[in-house]
Amino acid sequence: MLAGLVRTPRPRFNQPPFFVPDPTPMKTIHVQIKPLPHYEGLALPAYETPQSAGMDLRAAVPEDEPITIPHGEWRLVPVGISIALPDGFEAQVRPRSGLAAKKGISCVNSPGTVDADYRGEIRVNLINHGPEDFVINRGDRIAQMVIAPVMQALWLVTDELSETERGTGGFGSTGV
C-alpha cells in the first residue's frame, strides 16, 4: 500500500478500489528563524490555508526603494530572514502560482534549495517573463517556501543497470 494512504473497501459493482488520504493531521517540525534588521515590521512566513504545503515569503526591500524587474530580466530579492533547518531537511523556494499565472513572474532556479547548513539571508532570484515591468514593494508576497525531508545518495558503481520498459528513452520519448 502507498505510504500515507488508506485503502478503502472495494466499491460495489466491481469498480476498482480507490485511495483516500490518511486522515491524520499534517506533520510539523520546529525550525529556528532569525529575522534580520531590515525585516522589522513584516509578518513571519505563514501558511495561507490549513493544508498549504508552502508558506509565503515577503520582500524585505526598503519602503522607499521598490525593486523593478524589467521584462526578460531577473533580480535577487531579499526576504530578510535566516533559518536553521534540522539535519535531513531542506527548504525549497518556489514561484507563487498566482504571480506566475497573472504576471509571468517565476524563480530562475526553481525550486531553489536552502540547505540545512546554510545560515545566510534567504533571497529569491525572480525573473519576469511577463510583457511589462514588474515592481516589488516592501511586504509583497514574492515566493513560497516548502520544508521537505531529503536523503543523500550512496553511489553503487556498476557495469550494468536493471532493464526497464522505458530504457534510455527521455526528453519526450513517452509523448508530448
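Residues numbered from 1 in each chain as written. Predicted model: local features only at pLDDT ≥ 70, side-chain atom pairs only at ≥ 80, totals over all residues. Heavy atoms only, no water.

Asker: I tried to follow the overall build of the protein on my own but got confused; where do I start?
Answerer: Along the backbone of the protein there are 1 helix and 13 strands. When the helices and strands of the protein are placed in sequence order, the string is β-β-β-β-β-β-β-β-α-β-β-β-β-β. Taking all 176 residues of the protein together, the buried fraction comes to 30%. A separation of at least 24 residues holds for 66% of the contacts in the protein among residues at least 6 apart in sequence. (Helix = DSSP H or I, 4+ residues; strand = E, 2+ residues; numbered from the N terminus. Buried < 20%, exposed > 50% of the residue type's maximum accessible area, 1.4 Å probe, protein only. Contact = heavy atoms within 4.5 Å.)

Asker: Whenever I open this one, the nonpolar core confuses me. Can you help?
Answerer: Note that soluble globular proteins tend to have their nonpolar side chains buried in a common cluster. Of all hydrophobic cores here, the largest spans 29 residues; its most connected members are Leu-57, Ile-122, Val-124, Leu-126, Ile-136 and Ile-142. Listed by contribution, the elements that provide at least two residues to this core are strand E4 (55-58), strand E5 (67-69), strand E7 (81-84), strand E8 (89-94), strand E9 (105-107), strand E11 (123-128), strand E12 (134-136) and strand E13 (141-149). Apart from the residues lying within four places of it in its own chain, the contact partners of Ile-136 are Ala-59, Val-61, Pro-66, Ile-67, Ile-69, Val-77, Leu-126 and Ile-142. (Core = buried A, V, L, I, M, F, W, Y, C linked by side-chain atoms within 4.5 Å.)

Asker: Can you walk me through the pattern of salt bridges in this structure?
Answerer: Once the charged atoms of two side chains with opposite charge are near each other, the side chains can pair. Taken as a whole and judged by the stated rule, the model has 4 salt bridges. Asp-56 serves as the salt-bridge partner of Arg-96, at 3.5 Å between the closest nitrogen and oxygen. Highlighted residues: Arg-96 in the loop between E8 and helix H1 (97-103) and Asp-56 in strand E4, separated in sequence by 40 residues. With respect to burial, Arg-96 and Asp-56 carry one shared label: buried. Put simply, Arg-75 and Glu-73 hold a salt bridge, and the shortest N to O gap is 3.0 Å. Given the relative accessible area of 35%, Glu-73 is considered partly exposed. (Salt bridge = Lys/Arg side-chain N within 4 Å of Asp/Glu carboxyl O.)

Asker: Would you mind showing me how to read the sheet that holds E13 here?
Answerer: Whether parallel or antiparallel, the strands of a sheet pair through hydrogen bonds between backbone atoms. Here we have 4 strands laid out as an open sheet, ordered E4-E13-E8-E10, and antiparallel in their pairing. Taken across any chain shown, the strands that pair with only one partner, and hence form the sheet edges, are E4 and strand E10 (112-114). Averaged over all pairs of adjacent strands, the angle between their axes in this sheet comes to 35°, without regard to strand direction. Relative to E13, E8 runs antiparallel, the two being bridged by 6 bridges. Counterpart to Phe-89 in the pairing with E13 is Pro-149. (Pairing = 2+ DSSP bridges. Axes fitted to C-alpha atoms, helices over the stretch in contact; angles between N-to-C directions.)

Asker: Whenever I open this one, the environment of Arg-123 confuses me. Can you help?
Answerer: Position of Arg-123 relative to the elements: it lies in strand E11. With residues near it in sequence (within four places) discarded, Arg-123 still touches Leu-76, Val-77 and Pro-78.

Asker: Got a minute to help me understand the sheet that holds strand E6 (residues 74-78) in this structure?
Answerer: An order of E6-E11-E9 is seen for the 3 strands of this open sheet, with the pairing classed as antiparallel. Since the sheet does not close on itself, it has two edges, and those belong to E6 and E9, each with one partner. Put simply, the sheet's adjacent strands are angled 40° from each other on average, direction ignored.

Asker: Looking at this model, I keep getting lost on the pairing of E13. Mind explaining?
Answerer: Of the pairings in the sheet, the one linking E4 to E13 comprises 4 bridges and is antiparallel in character. Paired with Met-55 across the two strands is Met-145, which belongs to E13.

Asker: Could you clarify how one ought to interpret the environment of Thr-68 in this entry?
Answerer: Within the secondary structure layout, Thr-68 lies in strand E5. Residues Thr-68 and Val-135 lie 67 residues apart in sequence; the distance between their C-alpha atoms is 4.4 Å. What Thr-68 contacts, discounting residues up to four positions off in sequence, is Arg-75, Asp-133, Phe-134 and Val-135.

Asker: Looking at this structure, how should I read unusual backbone geometry?
Answerer: A negative phi angle is the norm for most residues apart from glycine, just as the trans form is the norm for most peptide bonds. Cis geometry marks the peptide bond from Ser-110 to Pro-111, where omega comes out at -5°. By the element assignment, Pro-111 lies in the loop between E9 and E10.

The analysis is restricted to geometry; functional conclusions fall outside its scope.
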